[in-house]
Amino acid sequence: MSDRLRVAMVAACPFPWPRGTPIRIERIADAVARRGHAVHVVTYHLGEPAAGPYTVHRIRDVSAYRRTAPGPTLRKLFQLDPMVAGLLRRLHHEIGFHVVHAHHYEGLLVASHAVRDAPIVYDAHTLLTSELPTYPLHMPRRWVRALSPWLDRHLPRRADRVIAVSEIIANALSSAGATPPERLHVIQNGVEWQRFAADGAAAPDGRTVIFTGNLAPYQGVDFMLEAFARLYARRPDARLLIVTDSAFEPFEALTRRLGVRAAVGVRRAAFAEQPALLAGATAAINPRIRCDGIPQKLLNYMAAGMPIASFESSAGPLRHEVTGLRVPDGDTAAMAGALERLLTDRALARSLGDAAREQARREFSWDQVACRVEQVYRLAIQELQKVSGER
């Protein structure tokens, strides 16, 4: 086995793109390539310009498809993903990949249909049991709730090794018999904490709560707006800044009904602009009420030194009253109270933000992630070589 590996990374999504799954793929591709390996990202026709030391291979342009929001669609499953599989198959014939790193379930389906003679490492970003029912799939919800755990149990068996982004996902997959424990590895997300220094940025304004990310149903945007309305009733100077590439129209009626539309700002901003926007806000909110992994936004908030209020089930590494404030899932009154504390008690906010940034610097570097990913690659390759040698 060569020290320099040829790695195919399957991104069945827009790439690069400023949200959780594409960010994890981009950062791992970048960090693994910087360790001296040849990384080829095989992806959709959609995405921002790529600037990393890896090669991006895109399917041909599908002019009628410009959707960048997360979640499955029939067009993705039956047109785009088969196109990615065909492209991966051709590239493997030309390049001869040592290993295929497939992200999320669609990436795993693509890889398992395209490659037979190279090991597949499946990167489990989430569980379909919790995520799939949040999307409008145009089928009875009871069917979705029955199908999701079946997919979680059976699809990972197509991979030679499985990487889970959290202990929650790893335990769920192991308990379901989706993969043997000895082939399961937990490798959490990282964060480029240096990017969030925001030198020269405006000081916090003392009144703005910020949210960054897409507005998919699982994000808990309704809870966020309801919590902000409670805060606004007590602090009429409070403002909510939503930084997103998603359309805000589905939430216009709710903000007007809650009487907070004038206090809610919506801004589209490139990832490079986020550090300055975070630095100018006073507190960050993570309103997701269920998350099997660690939301990338949470790590970004920590790296930026933001005082954070988060619902319990998506708070990940946050330590209550040490690196952030954790509140019970869906309790919008408690969330409003936590945000009010962060806006009012500047000493507490500063202490939490500083501790969060230090934790991000100490525990969540992408180079550490890449080192562990490379180890998984080599285990998968050695295992396949051993099996081939015994035949």
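This report concerns the structure included in the present document. (Residues numbered from 1 in each chain as written. Predicted model: local features only at pLDDT ≥ 70, side-chain atom pairs only at ≥ 80, totals over all residues. Heavy atoms only, no water.)

1. A look at the overall build of the protein
Right, on to step 1. In terms of helices and strands, the protein carries 13 helices and 13 strands.
Right, on to step 2. Taken against the 2.2 N^0.38 rule, which gives 21 Å for 391 residues, the C-alpha radius of gyration of the protein at 21 Å falls within 12% of a compact globule.
Right, on to step 3. Burial analysis of the protein (391 residues in total) assigns 56% to the buried set.
Right, on to step 4. Considering only intrachain contacts with a sequence separation of at least 6, the fraction spanning at least 24 residues in the protein is 67%.
Right, on to step 5. As presented, the protein carries roughly 16500 Å² of accessible surface, and 51% of it is formed by carbon and sulfur atoms.
Right, on to step 6. Of the charged side chains in the protein, 50 are positive and 39 negative; the average position of the first set lies 3 Å away from that of the second. (Helix = DSSP H or I, 4+ residues; strand = E, 2+ residues; numbered from the N terminus. Rg over C-alpha atoms; globule rule 2.2 N^0.38 Å. Buried < 20%, exposed > 50% of the residue type's maximum accessible area, 1.4 Å probe, protein only. Contact = heavy atoms within 4.5 Å. Areas by Shrake-Rupley, 256 points an atom, 1.4 Å probe, with all protein chains shown as cover. Lys, Arg positive; Asp, Glu negative; His and termini not counted. Charge placed at Lys NZ, Arg CZ, Asp CG, Glu CD.)

2. Describing the packing of aromatic side chains
Right, on to step 1. With the rule as written, the count across this model stands at five aromatic pairs.
Right, on to step 2. Centroid distance Phe228 to Tyr232: 5.9 Å. Interplanar angle 25°. Geometry classified as stacked. Here Phe228 and its partner Tyr232 are both found in helix H7 (residues 221–234), four residues apart, which amounts to about one turn of the helix.
Right, on to step 3. The buried category is assigned to Phe228, whose relative accessible area is 2%. (Phe/Tyr/Trp six-rings, centres within 6.5 Å; stacked < 30°, edge-to-face > 60°.)

3. As for the pairing of strand E9 (residues 239–243)
Right, on to step 1. Summarising burial for E9: four of the five residues are buried, a large majority.
Right, on to step 2. Sheet topology places E9 next to strand E10 (residues 264–267); four bridges connect them, and they run parallel. Opposite Val243, over in E10, you have Arg267 as the bridge partner.
Right, on to step 3. Following the chain from E9 across helix H8 (residues 252–258) to the adjacent parallel E10, one finds a crossover that is right-handed. (Pairing = 2+ DSSP bridges. Right-handed = clockwise from strand over helix to strand, strands pointing away.)

4. As for the side chain of His40
Right, on to step 1. Note that His40 resides in strand E2 (residues 38–43).
Right, on to step 2. Judged by its relative accessible area of 13%, His40 falls in the buried class.
Right, on to step 3. Polar side-chain contacts of His40 include one of 2.9 Å to the side chain of His57.
Right, on to step 4. Beyond its immediate stretch of four places on either side in the chain, His40 contacts Val7, Ala8, Met9, Thr55, His57, Ile95 and Phe97. (Polar contact = N/O pair within 3.5 Å; in protein donor to acceptor, adjacent residues only side chain to side chain.)

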